[in-house]
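Notes for the structure review
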Amino acid sequence: MSIADDMMRTETVIALGGVDFIADVSGALFEPETRMLIVADCHFEKGSALTRRGHVLPPFDTRDTLIRLEALTRRFRPRAIVSLGDGFHDRAAALRLSDDDVARLSALGRVADLIWIAGNHDPEPVTNLPGTSVMELALGGIMLRHEPGGAGDYEIAGHLHPAAKIAGRGRALRRRCFVSDGRRCILPAFGAYTGGLNILDDAFTPYLTRETWRIHALGRDRLYGIAPALLLGD
Amino acid sequence: MTGPARDPKSPSMPKAADTLLPPAFRDWFAARGWEPRAHQLALLEAADRNASALLVAPTGAGKTLAGFLPSLTKLARKRNRRGLHTLYLSPLKALAVDIARNLEAPVREMNLPIRIETRTGDTSAHKKARQKTSPPDILLTTPEQLSLLLSHKDADEFFGTLDTIILDELHALVTSKRGDLLSLALSRLWALAPQARMVGLSATVREPETLARFLVPQDGVTPQAEIVTVKGGARPRIGIMETARALPLAGHTALAAMGEIYHAIEAHKLSLVFVNTRMQAEFVFQELWRINEQALPIGLHHGSLDASQRRKVEAAMSAGQLRAVVCTSTLDLGIDWGDVDCVINVGAPKGASRLMQRIGRANHRLDEPSKAILVPANRFEILECRAALDAVEEAAQDTPDPRIGALDVLAQHILGLACAAPFDADALFAEITHAQPYETLTRARFDAVLDFVATGGYALKNYDRFARIRQGADGRWRVSNPRMAQQYRMNIGTIIEATMLKVRLGRMVKGTDTLRGGRILGEVEDYFAETLAPGDTFIFAGEVLRFEGIATNEVIVTRSKPGTDPKIPSWAGGKFPLSTFLAARVRAMIAATAEWKKLPKQASDWLAMQQKKSLLPPRDKLLVETYPRGNRYYCVIYSFEGRLAHQTLGMLLTRRLERLRLKPLGFVCNDYALAIWGMSNLSTAIATGRLDLDALFARDMLGDDLEEWLDESALMKRTFRNCAIISGLTPRRFPGDEKTGRQMTISTDLIYDVLRRHQPDHILLQAAREDAATGLLDLKRLSDMLARVEGKILHKPLDRVSPLAISVMLEIGREAIYGEAADTILEEAEAALMDEALA
């Protein structure tokens, strides 16, 4: 499929290991065959984590992230919802969830299997919430894990919070993005309080082949394919 | 500070001086052939009665000495007193240091037992500690340092002995959040040292009574400060530069006038060339050196340059080694750097008071006329310069309205006080409302801010366990842990600089393609650095530099080859919008055809052409022109309200036109007018009644339309960011912090989005909206205008662009257009990908 065909579609498809994933404007990835919805780096309770350090941040980040996840669930009706690691900002984050947020997560757990892949922020299994904790997950020949660079031919990962920077009309613009090179796809961070790392940063170099990479930036209503030549560094 | 000038005509020292001035002082004056001036004696006399006073005087009147004389005479009389006697506050730390140096002279010459010290960010920790155990008699400092001192546990002891508080350049201090911070600090000082007398020093302002209210507690019982006014001084000699080359209709580079500016520099000993923005400073400096055939020593001074480079220029000025300095408002305020005999103001001055201040830099003596030359950069600016000049001749001033104290500053103040000592909320509320900017603060809002300082004031969650301040069993509030004091001290102040990146000159290591870091040239805002791609060239520190990249928070540049054309960054003309006062004058000048003879011919010809081809914007009506051009339709609105208000108006009008399906495509504006263009014929739409101009400009646009746009606006996010930092919601970022940034701090844009979705009435969002209304959006001015033009819109359909309209049309392409255009940029990037794929 050519890039031009790709762009004729209203939904953006990212192909990996023979599987067509739907990349959503929210930053989530959906696999229609198994009805699996994948989100990376939710960082639940990041706000309260930083608040403990003396800056009393608005505590609505978990709720905000969950409300967007609920909307995706209503739309895609997934059988499984996969948190691709760093679902929680720290080891104690799950214990700081408000009752309301726990109720939202439980409701999600009733309509879909929740799969918590371990990340560097949340390396230990989740105990007080529905769902299964795993180190990584295989989807056919594709490995789902938090940090990119593990074994296997194809991989879906998070961790790096990719963002693309471009300039136009006298200003620079930075947007979270999907980045994939046919072998690996790195998801943007989904959490309300998560930032982005420029995909030209050296951290991405070991994991992506720039000759073949495709960048899909999150716009207001849809994803936009970005010509690599237009990317700006920091 | 300047000593009083010699006045040979005056017969002898007035009687009053005998009783007011101790003999040592009389001798000191006499030894210099000086006499105390009337206003200096008036301030001594007020001090005798322990009355607070505001001295309003033009530059060069010996204002500072007048302010200090009562303290010096009192301190000279008193022996064996201990503790801080006089506190002096200045908006610039350089000014505080300069004044201290100048005070040393009389103290030394009269052999007075007075210790004078400064306290600024540069003062050593050792000296600061010593000042607290053994305070000087006179301390000169800045508002931020005062707030810091007030947050210390022994603040009551330190300030309890105060006799006099002097506020210098008060007119400049009160117009910003720094003024709010200062007013709150004063409210505390009034509680700690109720006996202290206030002295305000100000340049000429239109309404000194308003300014005087800032000076004393607005508690209903304290008498207002007495106002001492010094009239005039020698009238400045100001001219508008006539250029041989015709001025362009738009633009701010003043390229056409560069030769004349150079000649003016040649004809004087030392000229200050004032411009409105740093980028303009770079440009003018570059252009002057391009034509500097005599290699005159011309320097450059602006806020982005490295401090050591600025100090070098200042020293060279004082030493008389320079013939001219191109500078921004960094040299606006009262520091004497040398014997300036000519002030050249490039571009329109934007406000009559600012112009006066700048002119005052020349001949810093009251009795000699200052010489100044205004250099308009385009034809509209000719009118503006003329208006400013007339205003100066009438000594009319555009004093800004008094401020309503900002809530984020209040939050910062409350945390600072809690660091010093436990406080009672009722008493603190009363204390704070004594400060003029906060006199109308309601108890409900105060409580909301207090709640914010304590636990964030969020509706959702109980954050008590993270509380920063807590109410004890005695009902008083105290910090929950000692770390808060440290956090407060890191966060102090109201000046939020854009994050700055250092600019380092790199050199290629021979035979390789690696760069080695060289010296630091200065700093640029990170948003400017963000727009650069490697290989781009720009002017900085007087050179054309090539951007190589960013490494560990530094912008690495190399010198570009001689003759390289810089990719000049787009600067937004004057940073300051045209003041309402000058705008009214410009509008009046255009309408008064009989007065045109005062204008240069190229300006009056241009106006005459406008009168012939269209209409002149009348004084009391809003002129709206519509015309087709190419395959677009244009609408130009002559509102004269300044760039900020016009931007807001443009955003709101395009939204309305869009809703009416009149297909607007974009808009641009300058200080004088606004142009909107689109796909629909607006002349026809108005003629057929499909577009009702009265309805289009109806005041209700400031309701829902505004709210809707504001929520998404980048301006609003920027405003919120400042509030978040000042209020202590998020930490100030320091250079180096963002190195690993991903998880360290949360972008305030993200916080803003989350907060407004989940608690839209949060006190900090309210604070940000109020800031935006008076700041970047200039809503007050817009709403005043909409009220004024209601039912007074004058529509002129044309078949082509009018002479006046050309000036705003020329802005097209210089300015970002229509909205924030984010998705448009993405779309264009995608189109580039498509081209690549299909190629």
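Residues numbered from 1 in each chain as written. Chains lettered and ligands numbered in written order. Predicted model: local features only at pLDDT ≥ 70, side-chain atom pairs only at ≥ 80, totals over all residues. Heavy atoms only, no water.

Looking now at the overall build of chain A. Per the secondary structure count, chain A includes 5 helices and 16 strands. Taking all 234 residues of chain A together, the buried fraction comes to 60%. A total of about 9100 Å² of accessible surface is found on chain A, and carbon and sulfur atoms cover 50% of it. (Helix = DSSP H or I, 4+ residues; strand = E, 2+ residues; numbered from the N terminus. Buried < 20%, exposed > 50% of the residue type's maximum accessible area, 1.4 Å probe, protein only. Areas by Shrake-Rupley, 256 points an atom, 1.4 Å probe, with all protein chains shown as cover.)

Further remarks concern the overall build of chain B. When helices and strands are counted, chain B shows 33 helices and 25 strands. Pairs at least 24 residues apart make up 73% of the contacts formed inside chain B by residues separated by at least 6 positions. Counting only carbon and sulfur atoms, one obtains 52% of the accessible surface of chain B, whose full area is about 34000 Å². (Contact = heavy atoms within 4.5 Å.)

The next subject is the packing of aromatic side chains. Where two aromatic rings form a pair, the distance of their centres and the angle of their planes describe that pair. In total, this model carries 17 aromatic pairs over all chains according to the counting rule given. Both rings, one in B:Phe720 and one in B:Tyr752, keep their centres 5.4 Å apart while their planes meet at 55°; by these two values the pair is tilted. One end of the pair, B:Phe720, is in helix H28 (residues 714-726); the other, B:Tyr752, is in helix H29 (residues 748-758), with 32 residues separating them in the sequence. In terms of burial, B:Phe720 and B:Tyr752 fall into one category: buried. Here a set of aromatic residues connected by ring pairs shows up, and it is made of B:Phe380, B:Trp606, B:Phe640 and B:Tyr672. Against the face of A:Phe190 rests A:Arg68, its NZ or CZ located 4.7 Å from the ring centre. (Phe/Tyr/Trp six-rings, centres within 6.5 Å; stacked < 30°, edge-to-face > 60°. Lys NZ or Arg CZ within 6 Å of the ring centre and 35° of its normal.)

Further remarks concern empty space enclosed by the protein. Residues and elements named next belong to chain A. Scanning all chains against the criterion turns up 12 cavities of 30 Å³ or more. As for the second largest cavity, its lining consists of Val-39, Leu-69, Ile-81, Val-82, Ser-83, Leu-105, Leu-108, Leu-114, Ile-115 and Trp-116. Among the secondary structure elements, those contributing two or more residues to the lining of the second largest cavity are strand S5 (80-83), helix H5 (99-111) and strand S6 (113-117). The class makeup of the residues in the lining of the second largest cavity is 9 nonpolar, 1 polar and no charged. (1 Å grid on protein atoms, 1.4 Å probe; cavity = no way out; pocket = protein on both sides within 12 Å on 5 of 7 lines; lining within 4 Å. Points joined across faces, edges and corners; volume = space filled by probe spheres on them. Nonpolar A, V, L, I, M, F, W, Y, C, P; charged D, E, K, R; others polar.)

For the rest of this paragraph, the subject is the environment of B:Pro482. All names here are of chain B. Along the chain, the position of Pro-482 falls in the loop between strand S15 (477-479) and helix H20 (483-491). Overall, the relative accessible area of 72% leaves Pro-482 in the exposed class. Taking the C-alpha atoms as reference points, Pro-482 and Arg-468, 14 residues apart in sequence, are found 9.8 Å from one another.

All names here are of chain B. Buried residues dominate strand S13 (residues 371-375), accounting for 4 of its 5 residues. Where strand S8 (residues 237-240) and S13 come together, 4 bridges link them in parallel fashion. Considered in S13, the bridge of Ile-238 is made with Ala-372. Alignment of strand S12 (residues 342-346) against S13, held across 4 bridges, turns out to be parallel. The residue bridging Asn-345 from the neighbouring strand is Leu-374, located in S13. (Pairing = 2+ DSSP bridges.)

With that settled, the discussion passes to unusual backbone geometry. Phi angles above zero are rare outside glycine, and A:His159 is one such case at about 75°. Here A:His159 falls in the buried class, since its relative accessible area comes to 13%. The backbone phi angle of B:Phe640 is positive, close to 55°, even though this residue is not glycine.

In this section: helix H30 (residues 763-774) of chain B. Residue pairs three or four apart in sequence face the same way in an α-helix, which turns once every 3.6 residues. Compared with an ideal rise of 1.5 Å per residue, which puts 12 residues at 16 Å, H30(B) spans 17 Å between its outermost C-alpha atoms and is within 8% of the ideal. Those residues of H30(B) that sit buried are B:Ile763, B:Leu764, B:Leu765, B:Ala767, B:Ala768, B:Asp771, B:Ala772 and B:Ala773. (Expected span 1.5 Å × (residues − 1).)

This brings us to the environment of B:Ile793. Residues and elements named next belong to chain B. Looking at the element boundaries, Ile-793 is found in strand S25 (residues 793-797). What makes Ile-793 buried here is its relative accessible area of 19%. Counting along the chain gives 156 residues from Ile-793 to Ile-637, while the straight-line C-alpha distance between them is 9.8 Å. When near neighbours in sequence (up to four residues on either side) are disregarded, Ile-793 contacts Leu-622, Val-624, Leu-693, Asp-694 and Phe-697.

Attention now goes to the sheet that holds strand S1 (residues 12-16) of chain A. All names here are of chain A. The strand order across the open sheet built from 7 strands is S1-S2-S3-S4-S5-S6-S7, with neighbouring strands paired in mixed fashion. For this open sheet the edge positions go to S1 and strand S7 (132-134), each flanked by a neighbour on one side alone. Sheet twist, expressed as the mean angle between neighbouring strand axes with direction ignored, is 25°. Strand direction decides the pairing type here: strand S4 (residues 36-39) and S5, joined by 4 bridges, are parallel. Counted as the bridge partner of Leu-37 is Ile-81 from S5. Most of the contacts of helix H3 (residues 61-76) go to S4, to which it runs at about 160°, and overall it touches strand S3 (29-31), S4 and S5. (Axes fitted to C-alpha atoms, helices over the stretch in contact; angles between N-to-C directions.)

Turning to the state of the cysteines, a few remarks are in order. All names here are of chain A. Tallying each qualifying case throughout the model produces 0 disulfides over all chains. The thiol sulfur of Cys-177 is not disulfide-bonded, and the nearest other cysteine sulfur, from Cys-185, lies at 9.7 Å. On the basis of relative accessible area, Cys-177 is assigned to the buried category, the value being 0%. (Disulfide = S-S within 2.5 Å.)

All names here are of chain B. Chain-level statistics for chain B give a pLDDT mean of 82 and a share of 82% at 70 or above. Here residues 1-13 is modelled with pLDDT under 50, and outside its nearest four sequence neighbours on either side it reaches 30 contacts, counting other chains as well. The low-confidence segment residues 568-575 (pLDDT under 50) makes 22 contacts with residues lying over four places distant or belonging to another chain. (pLDDT = per-residue confidence, 0-100.)

Once that is clear, we can look at the nonpolar core. Residue and element names in this part refer to chain B. In terms of nonpolar packing, the biggest core is built from 94 residues, with Ile-414, Phe-446, Ile-469, Phe-697 and Phe-720 touching the most fellow members. Counting residues per element, this core draws most heavily on helix H17 (residues 407-420), at 9 residues. Counting the residues that make up this core, at least three belong to each of domain 1 (15-229) and domain 4 (617-823). Contacts of Phe-720, omitting those with residues within four sequence positions, involve Leu-729, Thr-748, Ile-751, Tyr-752, Leu-755, Leu-764, Leu-765 and Ala-768. Listed in part, the 54 residues of the second largest apolar core include Ala-372, Leu-582, Val-586 and Trp-677. (Core = buried A, V, L, I, M, F, W, Y, C linked by side-chain atoms within 4.5 Å. Domains from an automatic or database assignment.)

With that settled, the discussion passes to the sheet that holds strand S6 (residues 197-202) of chain B. All names here are of chain B. Strand order in the open sheet made by the 7 strands is S3-S4-S2-S5-S6-S1-S7, with parallel pairing throughout. Of all the strands in the sheet, just strand S3 (116-119) and strand S7 (226-229) have a single pairing partner and so form its edges. Strand-to-strand twist of the sheet, defined as the mean angle between neighbouring strand axes without regard to direction, takes the value 15°. Pairing of strand S2 (residues 86-89) with strand S5 (residues 164-167) involves 4 bridges; the strand directions are parallel.

Moving on: the packing of helix H18 (residues 425-432) of chain B against helix H19 (residues 443-455) of chain B. Between two packed helices, what matters for the description is the angle formed by their axes and the separation of those axes. Residues and elements named next belong to chain B. Running from amino to carboxyl end, H18 crosses H19 at an angle of 120°, the nearest separation of the two axes being 11 Å. Considering the relative orientation of H18 and H19, their crossing is right-handed. On H19, the residues touching Ala-425, Asp-426, Leu-428, Phe-429 and Ile-432 of H18 are Arg-443, Phe-446 and Leu-450. (Left-handed = near helix turned anticlockwise from the far one by under 90°.)

Take the environment of B:Ala53 next. Residues and elements named next belong to chain B. Here Ala-53 lies in strand S1 (residues 53-56). Taking C-alpha positions, Ala-53 is 7.1 Å from Leu-43, a pair spaced 10 residues apart along the chain. In contact with Ala-53, other than residues within four places in its own chain, are Leu-43, Ala-46, Met-198, Val-199, Gly-200, Leu-215, Ala-225 and Glu-226.

All names here are of chain B. Residue placement: Asn-378 occurs in the loop between S13 and helix H16 (379-393). Note on Asn-378: relative accessible area 4%, which makes it buried. A distance of 3.1 Å separates the side chain of Asn-378 from the backbone nitrogen of Phe-380, its partner in a polar contact. Within polar-contact distance, the side chain of Asn-378 engages the backbone nitrogen of Glu-381 at 2.9 Å. (Polar contact = N/O pair within 3.5 Å; in protein donor to acceptor, adjacent residues only side chain to side chain.)

A word on the pattern of salt bridges. Enumeration over the complete set of coordinates arrives at 42 salt bridges over all chains. Note that B:Asp390 and B:Arg386 form a salt bridge whose closest N and O atoms lie 3.0 Å from each other. Of this pair, B:Asp390 and B:Arg386 are both found in helix H16, 4 residues apart, which corresponds to roughly one turn of the helix. Taking relative accessible area as the criterion, B:Asp390 reaches 13% and is therefore assigned buried. Relative accessible area serves as the criterion here: at 15%, B:Arg386 is assigned to the buried category. Here B:Glu641 and B:Arg781 are joined by a salt bridge, their closest N and O atoms 2.9 Å apart. Pair noted here: B:Glu641 is in the loop between strand S22 (632-638) and helix H24 (643-659) and B:Arg781 is in helix H31 (residues 779-789), with a separation of 140 residues, a long-range link. For B:Glu641, a relative accessible area of 4% corresponds to the buried category. By sharing partners, the salt bridges in this structure join A:Arg63, A:Glu70, A:Asp100 and A:Arg104 into a single network. (Salt bridge = Lys/Arg side-chain N within 4 Å of Asp/Glu carboxyl O.)

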